Amino acid sequence: MRCFIAINLPDRIKNKIAEITKEFPDRGIKKVKPNNLHLTLKFLGEVSENNANKIKKILDKIDCQKFDVSLKNFGFFPNNNFIKIVWIGIEKGREEIIKLQKRIDLELKELNYKPETNFEPHLTIARVKFLEDKKEFFEKIKKFKFEENFSVSNFCLMQSFLKNTGPIYKKIHEVKLS
């Protein structure tokens, strides 16, 4: 099964992002479906049932305090001149997310998962194949002011099902923060 570890978002934030991405052009941009919006902590790839059970046990050992996150502003990967990903940044809670991600990396080493080298916390909201009018797109993005806060009280092991209509994500394990 194809898996990743993530922090899921409250529905109110997913809905607000969906309203914003409705304004994005349909041609050349694949918007992340509201139900699929999440903060990725670690992509695991293909995982056997046996390894998934080991991962659950490892994740359950991670002790982390609840923390608050503020999502703010838009950005682009790899850069403004060559846009492949449209994202929303993490302001408050950024360091806590990085610490949690490093802890996950450390604990999963025993299963031979390689640690992330350039982990940058962000929320992907769209993937860009092409932009017909980059200037117009930038103008549209500039008019949106996005700032939302939420509390992180858990993180999840997720399963990804790849379909012709796009991926479908299912929570298979949840780890509560203290």
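From a predicted model like this one, the values you see are computed outputs, not experimental measurements. (Residues numbered from 1 in each chain as written. Predicted model: local features only at pLDDT ≥ 70, side-chain atom pairs only at ≥ 80, totals over all residues. Heavy atoms only, no water.)

1. As for the environment of Ile5
Along the chain, the position of Ile5 falls in strand β1 (residues 2-8). A C-alpha to C-alpha distance of 9.5 Å links Ile5 and Lys171, two positions 166 residues apart in sequence. Among residues more than four places away in sequence, those in contact with Ile5 are Leu39, Thr40, Leu41, Lys42, Leu44, Leu59, Ile104, Leu108, Phe155, Cys156 and Leu157. (Helix = DSSP H or I, 4+ residues; strand = E, 2+ residues; numbered from the N terminus. Contact = heavy atoms within 4.5 Å.)

2. Overview of the side chain of His38
Here His38 shows up in strand β3 (residues 38-46). Side-chain polar atoms of His38 contact the backbone oxygen of Asn36, separated by 2.7 Å. Among the polar contacts listed, one links the side chain of His38 to the side chain of Thr40, at a separation of 2.9 Å. (Polar contact = N/O pair within 3.5 Å; in protein donor to acceptor, adjacent residues only side chain to side chain.)

3. Let's talk about the sheet that holds strand β4 (residues 67-78)
Taken in spatial order, the five strands of this open sheet run β2-β6-β5-β4-β7, and their pairing is antiparallel. Two strands in the sheet have a free side with no partner beyond their single neighbour: β2 (29-31) and β7 (147-152). For this sheet, the mean inter-axis angle between neighbouring strands, taken without regard to orientation, is 35°. In the packing of helix α1 (residues 11-21) onto the sheet, the strands contacted are β2, β4, β5 (83-90), β6 (122-128) and β7, and the crossing angle to β7 comes to about 150°. Where helix α4 (residues 134-143) meets the sheet, it contacts β2, β4 and β5, and its direction lies at approximately 165° from that of β4. (Pairing = 2+ DSSP bridges. Axes fitted to C-alpha atoms, helices over the stretch in contact; angles between N-to-C directions.)

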